[in-house]
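# Close look at the chain arrangement
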Amino acid sequence: MKKSTAWFLACRPKTLSVSLSPVLVGTAIAWHDSATLLWLPLLAAAFGAAFIQIGTNLFNDVGDFLRGTDTPDRLGPKRATAEGWLTPGKVKAGAWLSFALAFLCGIYLVAHGGWPIVAIGLASLAAGWAYTGGPKPIAYGPLGEVFVFIFFGLVAVGGSYYLQTLGLTSTTLLAAALVGLHAAAVITVNNYRDLDGDAQSGKHTLAVRLGRPLTRRLYAAEMLAPYALLPLLAGLGWPCALPLLSLPLAVKLIHRFHREAPGPVFNNILSATAGLQLIFALLLTLSFTI
């Protein structure tokens, strides 16, 4: 395999929308409230979020390999380190480079937004490393979904809004929760698929703790809760109903999640869940901009 292809796959491009969607939503709400759009903070936030997610993905790639979690029996997509496409040293270096690029974006964002952005940036970088790194990786415990809900929902949407307005509103946090719930569902798919292997390797994810029946209910709740909460945005008028256009896809994915036997088919369900989050976020963005 070409090195460029290996690096591309190691970055997990199918899920990068999970980090970009909240930036769009937060910026759209800010535009709705202030009627202004600051392009440089938007672009710096989008690139910074993407670099943090790529770095987290690369740390996860090499971390799972070194801990022996990625085995030949893995049901998920092939990983660059485990397949020998890239050496552990190179993948780890790539992860640190991605974090360095995110840090460079953060320098501008701090100059624009001040100390709150310092706290958000450092917390995001630390959490990205701790997701698979350190003595007690987040990904190896039951808090993976909580981590994603906080950093790819509340922090990302709230931070993007703050960069545009230097403030924060309850509406922004509500929208952040909607986006974060769908982002958490992506992790639930991943952990449900890998439940058996994770249990054998000592990886105690929430899916391992709950078991398959309860994890299926959790996924359904994560997928449907954002739609149930849309009436709280009724102040927008009829546009608040636009995200309902994606509900049939959510119902279809829930049905597939319950019907399909655990296996490689969940790789498709995972990417489709990330796609649903993007569609929902784009429709939510439209709700605030028309």
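Residues numbered from 1 in each chain as written. Predicted model: local features only at pLDDT ≥ 70, side-chain atom pairs only at ≥ 80, totals over all residues. Heavy atoms only, no water.

## Some details on the overall build of the protein
Of regular secondary structure, the protein possesses twelve helices and zero strands. The order of helices and strands in the protein, counted from the N terminus, is α-α-α-α-α-α-α-α-α-α-α-α. Relative to its length of 290 residues, the protein is compact, with a C-alpha radius of gyration of 19 Å against a globular reference of 19 Å. For the protein, the spread of C-alpha atoms along the principal axes amounts to about 55 × 45 × 35 Å. Within the protein, the proportion of its 290 residues that are buried is 51%. (Helix = DSSP H or I, 4+ residues; strand = E, 2+ residues; numbered from the N terminus. Rg over C-alpha atoms; globule rule 2.2 N^0.38 Å. Buried < 20%, exposed > 50% of the residue type's maximum accessible area, 1.4 Å probe, protein only.)

## Some points on the packing of helix H7 (residues 170–193) against helix H10 (residues 212–228)
Their axes nearest at 8 Å, the elements H7 and H10 cross at an angle of 160°. In terms of orientation, H7 and H10 fall into the roughly antiparallel class. In the packing of H7 onto H10, the handedness of the crossing is left-handed. Within the contact between the two elements, H7 uses Leu178, Leu181, His182, Ala184, Ala185, Thr188, Val189, Tyr192 and Arg193 and H10 uses Arg212, Thr215, Arg216, Leu218, Tyr219, Glu222, Met223, Ala225, Pro226 and Tyr227. For the contact of H7 with H10, a count of residues per class yields twelve nonpolar, three polar and four charged. (Axes fitted to C-alpha atoms, helices over the stretch in contact; angles between N-to-C directions. Parallel < 35°, antiparallel > 145°, perpendicular 65-115°, else oblique. Left-handed = near helix turned anticlockwise from the far one by under 90°. Contact = heavy atoms within 4.5 Å. Nonpolar A, V, L, I, M, F, W, Y, C, P; charged D, E, K, R; others polar.)

## Looking at H7
Spanning 24 residues, H7 covers 35 Å between terminal C-alpha atoms, matching the ideal 34 Å at 1.5 Å per step. Buried residues dominate H7, accounting for 21 of its 24 residues. (Expected span 1.5 Å × (residues − 1).)

## Notes on a nonpolar patch on the surface
On the surface, a nonpolar cluster with roughly 580 Å² of combined accessible area is contributed by Leu97, Leu101, Phe103, Leu104, Ile107 and Leu122. A total of five residues in the nonpolar patch trace back to one element, the largest contributor, which is helix H4 (residues 88–113). Mapped onto the elements, Leu97 comes out in helix H4. (Patch = residues over 30% accessible without salt bridge, like charges linked within 9 Å, V, L, I, M, F, W, Y side chains within 5 Å. Areas by Shrake-Rupley, 256 points an atom, 1.4 Å probe, with all protein chains shown as cover. Salt bridge = Lys/Arg side-chain N within 4 Å of Asp/Glu carboxyl O.)

## Examining the pattern of salt bridges
For the structure shown, the criterion picks out four salt bridges. Where Arg259 meets Glu260, a salt bridge forms, and the shortest distance between an N and an O atom there is 3.1 Å. For Glu260, a relative accessible area of 23% translates into the label partly exposed.

## Looking at the side chain of Ser17
For Ser17, the position within the fold is in helix H2 (residues 17–34). Those residues within four positions of Ser17 in sequence are excluded, and the remaining contacts are Pro22, Ala274, Gln277 and Leu278.

## Brief notes about the nonpolar core
Soluble globular proteins: nonpolar side chains tend toward being buried together. Within the largest apolar cluster, 46 residues are counted, with the highest numbers of intra-cluster contacts made by Val25, Tyr219, Met223, Leu233 and Leu284. Looking at this core, the elements with two or more residues in it are H2, helix H6 (144–165), H7, H10, helix H11 (247–259) and helix H12 (265–289). With eleven residues, the top contributor of residues to this core is H7. With near-sequence residues (within four places) excluded, Leu233 lies in contact with Thr171, Leu174, Leu178, Cys240, Leu284 and Phe288. Of all hydrophobic cores here, the second largest spans 17 residues; its members include Ile52, Val62, Trp85 and Ala95. (Core = buried A, V, L, I, M, F, W, Y, C linked by side-chain atoms within 4.5 Å.)

## A closer look at the environment of Leu75
Structurally, Leu75 can be placed in the loop between helix H3 (39–66) and H4. With sequence-adjacent residues up to four places away left out, Leu75 is seen in contact with Arg193, Asp194, Gly263, Pro264 and Asn267.

## Let's talk about the packing of aromatic side chains
By the definition in use, this model includes twelve aromatic pairs. Measuring from ring centre to ring centre gives 4.1 Å for Tyr219 and Phe257, while their planes differ by 10°; the resulting arrangement is stacked. Taken together, the residues span a long stretch of sequence, with Tyr219 in helix H10 and Phe257 in helix H11 at a distance of 38 residues. A ring pair is formed by Tyr227 and Phe280, whose centres lie 5.3 Å apart and whose planes are at 90°; its orientation type is edge-to-face. One end of the pair, Tyr227, is in helix H10; the other, Phe280, is in helix H12, with 53 residues separating them in the sequence. The pair Tyr227 / Phe280 is uniform in exposure class, with both members buried. An aromatic cluster is present here, built from Tyr131, Phe147, Phe151 and Phe152 joined pairwise through their rings. Sitting above the plane of the Tyr140 ring, Arg67 keeps its charged end 5.3 Å from the centroid. (Phe/Tyr/Trp six-rings, centres within 6.5 Å; stacked < 30°, edge-to-face > 60°. Lys NZ or Arg CZ within 6 Å of the ring centre and 35° of its normal.)

## Concerning the environment of Ala127
One can find Ala127 in helix H5 (residues 115–130). Judged by its relative accessible area of 8%, Ala127 is buried. Taking the C-alpha atoms as reference, Ala127 lies 8.0 Å from Phe147; in sequence the two are 20 residues apart. Contacts of Ala127, omitting those with residues within four sequence positions, involve Ile138, Phe147 and Phe151.

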